[in-house]
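What follows is the residue order along each chain.
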Amino acid sequence: MSDTLRKLETMCRSYAEDLDEIARGEVKKCADCDTRYTKRVSKNGAAAWKPDCGCAKRKGIKTEYTVADYVENDVYDVNYTIARDGGLIGVSLMVAGGGPNIYVDTNVKSVKGFWGGEEFEYPLSGRAVYVLEEEAEYMVAPLLAGGGWIR
Ligand SMILES: [Zn+2]
């Protein structure tokens, strides 16, 4: 396995695991400054939210970092796949570009990475696909209702 392919594999797996954590509600954000936190459990079992944004009130006002936050902050481009009847088939999110190009794609229920001549695909969890498509239906509804859709 080439170095590039190994790096691509690590990245695709990390995007898939990240989305599964978000889908499980295990990612939080500071309600003051919106800094994203992830729960990290150390070897001795102590849990901490990282990184620390430094807001004085943050411990009491942590809120969930949802898939809507993810789409707003961590995604470069969104492409919907819509059926002839207007129903959502799937959504593809571009999460990295330039060097490696990486897409979270519910159409194929996986994270797909392309880098140089290499490509790698890592499966998305069922719950990650579910929350992504739920959010995509919500996002695409106003576009379809606006009459921009060719019938
Ligand atoms: Zn903060």
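Calculation rules
- Residues numbered from 1 in each chain as written.
- Predicted model: local features only at pLDDT ≥ 70, side-chain atom pairs only at ≥ 80, totals over all residues.
- Domains from an automatic or database assignment.
- Contact = placed C-beta atoms within 7 Å.
- Nonpolar A, V, L, I, M, F, W, Y, C, P; charged D, E, K, R; others polar.
- Helix = DSSP H or I, 4+ residues; strand = E, 2+ residues; numbered from the N terminus.
- Buried ≥ 20, exposed ≤ 12 C-beta atoms within 10 Å, placed from the backbone.
- Pairing = 2+ DSSP bridges.
- Axes fitted to C-alpha atoms, helices over the stretch in contact; angles between N-to-C directions.

Caption draft 1: Fine view of the domain arrangement of the protein. Domain assignment breaks the protein into domain 1 (1-25 + 66-151) and domain 2 (27-65). Taken together, the contact pairs 5 residues of domain 1 with 4 residues of domain 2. In terms of residue class, the side of domain 1 that touches domain 2 is made up of 1 nonpolar, 2 polar and 2 charged.

Caption draft 2: Representation of the environment of Cys30 within the structure. Within the secondary structure, Cys30 is located in strand S1 (residues 27-30). On the basis of neighbour count, Cys30 is assigned to the buried category, with 21 C-beta atoms found within 10 Å. Measuring from C-alpha to C-alpha, the distance between Cys30 and Leu88 comes to 32 Å, with 58 residues separating the pair along the chain.

Caption draft 3: Fine view of the sheet that holds strand S3 (residues 47-50). Taken together, 4 strands build an open sheet; the order of strands is S3-S2-S1-S4 and the sheet is antiparallel. Strand pairing shows two members of the sheet lacking a second neighbour, S3 and strand S4 (62-64), which therefore form its edges. Between one strand and the next, the sheet's axes are offset by a mean angle of 40 degrees, whatever the strand orientation.

Caption draft 4: Molecular detail of the environment of Asp52. As for its placement among the helices and strands, Asp52 is situated in the loop between S3 and S4. Judged by C-beta crowding, with 12 C-beta atoms within 10 Å, Asp52 ranks as exposed. When the C-alpha positions of Asp52 and Ser42 are compared, they lie 16 Å apart, and in sequence the two are 10 residues distant.

Caption draft 5: Local environment of unusual backbone geometry. Positive phi is not limited to glycine here, since Asp34 has a value of about 70 degrees. In this structure, Asp34 sits in the loop between S1 and strand S2 (36-41). Its identity as a non-glycine residue notwithstanding, Lys109 has a phi of 50 degrees, on the positive side. Mapped onto the fold, Lys109 is located in the loop between strand S7 (101-105) and strand S8 (110-115).

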